[in-house]
Amino acid sequence: MSVYADLLESVIGMASATNPYASIIIGAMPPDNGISMTFAGGSATETFFNKGMVQEISIVLNGKHTNQKMVFDALSNIHQALTKTKQYPGTDDFQVMNIATISAPQLIGREENSQILYGSSLGVKFYWR
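Notes on the structure in this doc start here.

Cut-offs applied
- Residues numbered from 1 in each chain as written.
- Predicted model: local features only at pLDDT ≥ 70, side-chain atom pairs only at ≥ 80, totals over all residues.
- Heavy atoms only, no water.
- Helix = DSSP H or I, 4+ residues; strand = E, 2+ residues; numbered from the N terminus.
- Rg over C-alpha atoms; globule rule 2.2 N^0.38 Å.
- Buried < 20%, exposed > 50% of the residue type's maximum accessible area, 1.4 Å probe, protein only.
- Contact = heavy atoms within 4.5 Å.
- Areas by Shrake-Rupley, 256 points an atom, 1.4 Å probe, with all protein chains shown as cover.
- Lys, Arg positive; Asp, Glu negative; His and termini not counted.
- Charge placed at Lys NZ, Arg CZ, Asp CG, Glu CD.
- Polar contact = N/O pair within 3.5 Å; in protein donor to acceptor, adjacent residues only side chain to side chain.
- Expected span 1.5 Å × (residues − 1).
- Pairing = 2+ DSSP bridges.

**Some thoughts on the overall build of the protein**
Then step 1. Helix and strand content of the protein: two helices and five strands.
Then step 2. When the helices and strands of the protein are read in sequence order from the N terminus, they spell out α-β-β-β-α-β-β.
Then step 3. Taken against the 2.2 N^0.38 rule, which gives 14 Å for 129 residues, the C-alpha radius of gyration of the protein at 15 Å falls within 12% of a compact globule.
Then step 4. The burial tally for the protein puts 40% of its 129 residues in the buried class.
Then step 5. For the protein, restricting intrachain contacts to residue pairs at least 6 apart in sequence, the fraction spanning at least 24 positions comes to 60%.
Then step 6. Here the protein has roughly 6800 Å² of accessible surface; of this, 51% comes from carbon and sulfur atoms.
Then step 7. Counting 8 positive and 10 negative side-chain charges, the protein places the centres of these two groups 9 Å from one another.

**Structural notes on the environment of Ala15**
Then step 1. Among the secondary structure elements, Ala15 is positioned in helix α1 (residues 3-16).
Then step 2. The exposure class of Ala15 is buried, given its relative accessible area of 0%.
Then step 3. Counting along the chain gives 67 residues from Ala15 to Leu82, while the straight-line C-alpha distance between them is 6.9 Å.
Then step 4. If sequence neighbours within four positions are ignored, Ala15 has contacts with Pro20, Ile24, Met37, Ile78 and Leu82.

**Some details on the side chain of Lys64**
Then step 1. Mapped onto the elements of the fold, Lys64 is located in strand β3 (residues 53-65).
Then step 2. Here Lys64 falls in the buried class, since its relative accessible area comes to 6%.
Then step 3. Here the side chain of Lys64 touches Glu111 through a polar contact of 3.2 Å, side chain to side chain.
Then step 4. In this structure, Lys64 is in contact with Tyr21, Met29, Pro30, Pro31, Asp32, Asn33, Gly34, Val71, Glu111, Gln115, Ile116 and Leu117, ignoring residues within four places of it in sequence.

**Let's talk about the side chain of Ser120**
Then step 1. Mapping Ser120 onto the fold places it in strand β5 (residues 116-128).
Then step 2. At 2.8 Å, the side chain of Ser120 and the side chain of His79 are in polar contact.

**Structural notes on α1**
Then step 1. Along its 14 residues, α1 runs 20 Å from first to last C-alpha, staying within 8% of the 20 Å computed at 1.5 Å per residue.
Then step 2. Turning to α1, its buried residues are Val3, Asp6, Leu7, Leu8, Val11, Ile12, Met14 and Ala15.

**What about the pairing of strand β4 (residues 94-110)?**
Then step 1. Inspection of the sheet shows β4 paired to β5 by 12 bridges, in the antiparallel sense. Within the sheet, the bridge partner assigned to Phe94 lies in β5 and is Trp128.
Then step 2. Between β4 and β5, which pair antiparallel one after the other, the connecting turn spans five residues, and Ser114 there sits at a positive phi close to 75°.

If you want it as C-alpha cells, here you go:
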C-alpha cells in the first residue's frame, strides 16, 4: 500500500475507536446513515536531505443521518478523540505527529430523503520517513 493509503486507514482506525453509529468508509460523500473520510489536499512543509519530509494534509470527515443529534455527536466525538490523543499511529514509512481540527462539524444541509449532512475537516501532520 502507499503511505497515503496507510495513513488514511490509520486515522480511520483511530476514529472508529470512538464507536460511531456506522463504519467509516473512504470517500467524500457518506452513504445514508453513514460516515466517510478522505483527503482534501496538502503538501510537504519541509524536505530533508535524506528525502524524508514533514507533510500536512487535510482530511474531510462527513456524516449523514436522519437524526441530527446523532451525526453531530458522532463527528464531535471523533474530533475530540483525535485532537486530544497523545499516541499517534506510525509505520516504517510514516509517523503521525499531530492531528488538529481545521473545521468543526457543521450542518451542510438536508436531503429530500430526510438525511441530514454534516461536514468537518482535520489537519494531519506527519513525518514521511
